[in-house]
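The residues making up each chain are set out below.
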Amino acid sequence: MSIPNNEQQPRSAPLLPPDPPALCDYEGSAYRVEFWTDARAFEDLAERRALHTLLPPRGARLIEIGAGFGRLADLYAGYSQVILVEPALSMLRQAQERLRHDPRFVFVRANVYELPLQDQTLDTVVMVRVLHHLVDVPHALAELRRIVRPGGAFILEFANKRNLKSILRFALRRQTWSPFAPEPYEFAPLNFDFHPTWVLQQLQRAGFAVQRQVAVSHFRAEFFKRRWSAARLAALDSWLQRYASGLRLAPSIFVQAQVAAAAPSSPPDGLFRCPACHHNALVVAADALTCPACGQAWPQRDGIYDFIK
Ligand SMILES: C[S@@+](CC[C@H](N)C(=O)[O-])C[C@H]1O[C@@H](n2cnc3c(N)ncnc32)[C@H](O)[C@@H]1O
């Protein structure tokens, strides 16, 4: 029997990273003006209260994933550096216009599935109103878990399919899908509602320990908004956030999770890593970060690090 030498063996194709999951594209979207007008003043206030409750007030480095136009950025005053990650360049530009005067902010165009950040570099990760666009939640959570330092926090918001309105609609047969079924429900392409227990399981599988949950936006209905001011509804919602969160009947849930603390170690010097080959030490030039391992240059234009090819 002849043993083939290397010359005779078929050459295998180079290993390419798999394509990232589909992205819900906000490029050029009028999200800021169409969504966050007065009509959403109640939701904005209610979410701010929940975030204020759950967010560790101080730290060295915070990252917000899918930060949009930086709606929540003023809540990060206690952090020395704030990294806003957003795949839609037009949204990132809006964030930059609002916040460029503050040198603590770093604007990064990237995708949650391929974060250009080194392992364990963040004290706090925030992701609000983004999970409902993610088709591959375990992939995203694994990537987020990778970048949080031991003892660091992850504040996650998700859309709750088991909310009071959908339970009532299901009971009255005005809705065919069950709010009690664990799997995510895709109500429109790349728009998902989640069962709270399913999300908690995914967090645990990714290595996060869930500390606290807050149910938010109990009065997200025209019936209430027409009758009472946003401030009054938010004050009532705040009370329910405190005393009724265990029921998890609101359309939005905020979770505070933590990565178990390890023995103290010095934080890594760098921040970014190459999303193509995962090499850590990128070489800094005037207009790009270049990866010495694979040669890819990641441009830096007008204050935005661009990690999307
Ligand atoms: C509903 S907006 C929320 C924006 C902001 N978090 C807020 O609460 O105002 C959803 C954001 O998620 C971003 N997004 C969607 N898919 C994403 C992904 N795969 N990685 C990172 N961000 C994503 C969108 O570009 C958009 O800015």
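Conventions and cut-offs
Residues numbered from 1 in each chain as written. Predicted model: local features only at pLDDT ≥ 70, side-chain atom pairs only at ≥ 80, totals over all residues. Heavy atoms only, no water. Axes fitted to C-alpha atoms, helices over the stretch in contact; angles between N-to-C directions. Helix = DSSP H or I, 4+ residues; strand = E, 2+ residues; numbered from the N terminus. Left-handed = near helix turned anticlockwise from the far one by under 90°. Contact = heavy atoms within 4.5 Å. Nonpolar A, V, L, I, M, F, W, Y, C, P; charged D, E, K, R; others polar. Disulfide = S-S within 2.5 Å. 1 Å grid on protein atoms, 1.4 Å probe; cavity = no way out; pocket = protein on both sides within 12 Å on 5 of 7 lines; lining within 4 Å. Points joined across faces, edges and corners; volume = space filled by probe spheres on them. Domains from an automatic or database assignment. Buried area = accessible area lost by both parts, 1.4 Å probe. Salt bridge = Lys/Arg side-chain N within 4 Å of Asp/Glu carboxyl O. Polar contact = N/O pair within 3.5 Å; in protein donor to acceptor, adjacent residues only side chain to side chain. Near = heavy atom within 4 Å. Areas by Shrake-Rupley, 256 points an atom, 1.4 Å probe, with all protein chains shown as cover. Phe/Tyr/Trp six-rings, centres within 6.5 Å; stacked < 30°, edge-to-face > 60°. Buried < 20%, exposed > 50% of the residue type's maximum accessible area, 1.4 Å probe, protein only. Lys NZ or Arg CZ within 6 Å of the ring centre and 35° of its normal.

*Asks:* Break down the packing of helix 2 (residues 41-54) against helix 8 (residues 230-243) for me, with residues and values.
*Replies:* Close contact between helix 2 and helix 8 brings their axes to 9 Å; oriented N to C, the two are set at 35°. Relative to helix 8, helix 2 is oriented so that their crossing is right-handed. Judged by residue contacts, Ala41, Phe42, Leu45, Ala46, Arg49 and Ala50 of helix 2 engage Ala230, Ala231, Leu233, Ala234, Ala235, Asp237, Ser238 and Gln241 from helix 8. Of the residues that constitute the contact of helix 2 with helix 8, the class distribution is 10 nonpolar, two polar and two charged.

*Asks:* Give me the state of the cysteines: which residues, what numbers.
*Replies:* Overall, the coordinates contain zero disulfides when judged by the stated rule. Between Cys294, a free cysteine, and Cys291, which holds the nearest cysteine sulfur, the sulfur-to-sulfur gap is 3.8 Å.

*Asks:* Lay out the layout of surface pockets with the relevant residues and their values.
*Replies:* Of the pockets and cavities examined, the largest pocket occupies roughly 950 Å³. By residue number, the principal contributor to the lining of the largest pocket is helix 5 (residues 164-171), which donates five residues. Class assignment for the residues of the lining of the largest pocket results in 19 nonpolar, eight polar and seven charged.

*Asks:* Which residues make up the domain arrangement of the protein, and what values go with them?
*Replies:* Taken as a whole, the protein is organised into domain 1 (31-259) and domain 2 (277-309). Taken over C-alpha atoms, the centre of domain 1 sits 29 Å from the centre of domain 2. Residue-level contacts link 14 residues of domain 1 with eight residues of domain 2. Carbon and sulfur atoms supply 56% of the area buried between domain 1 and domain 2, which totals about 940 Å² over both sides. Counting across the interface, domain 1 meets domain 2 through one salt bridge. Viewed at the interface, domain 2 and domain 1 are joined by six residue pairs in polar contact (both at pLDDT 80 or more).

*Asks:* I'd love a proper account of the site of the ligand, names of residues and values included.
*Replies:* The environment of the ligand is made up of 21 residues, and the closest members are Gly66, Arg71, Glu86, Val112 and Val128. Within the side chain of Tyr31, a nitrogen or oxygen atom sits 3.0 Å from an oxygen atom of the ligand. With respect to the ligand, the side chain of Arg71 contributes an N or O atom lying 2.8 Å from an oxygen atom. Coverage of the ligand by the protein chains reaches 99% of its 600 Å² of free accessible surface.

*Asks:* Break down empty space enclosed by the protein for me, citing the residues and quoting the values.
*Replies:* As enumerated under the stated definition, the model contains one cavity of 30 Å³ or more in all. Approximately 350 Å³ is the volume found for the largest cavity. Lining the largest cavity are 27 residues; nearest its centre among them are Gly66, Glu86, Arg129, Val130 and His133. Split into classes, the residues belonging to the lining of the largest cavity amount to 19 nonpolar, four polar and four charged.

*Asks:* Any details on the packing of aromatic side chains? Residues and values, ideally.
*Replies:* Taken as a whole, this structure holds 19 aromatic pairs when the rule is applied. Ring plane angle 75° and centroid distance 5.0 Å describe the contact between Phe35 and Trp36, whose orientation is recorded as edge-to-face. Overall, the relative accessible area of 15% leaves Trp36 in the buried class. Between Phe272 and Phe307 the ring centres are 5.2 Å apart and the planes differ by 50°, which places this aromatic pair in the tilted class. With Phe272 in the loop between strand 9 (252-258) and strand 10 (283-284) and Phe307 in the segment after strand 13 (304-306), this residue pair connects regions lying 35 residues apart in the sequence. On the accessibility criterion, Phe272 (11% relative accessible area) is buried. Members of the aromatic cluster, each reached through a chain of ring pairs, are Tyr26, Tyr31, Phe35, Trp36 and Phe69. The cationic tip of Arg71 hangs over the ring face of Trp36; the distance from NZ or CZ to the ring centre is 3.8 Å.

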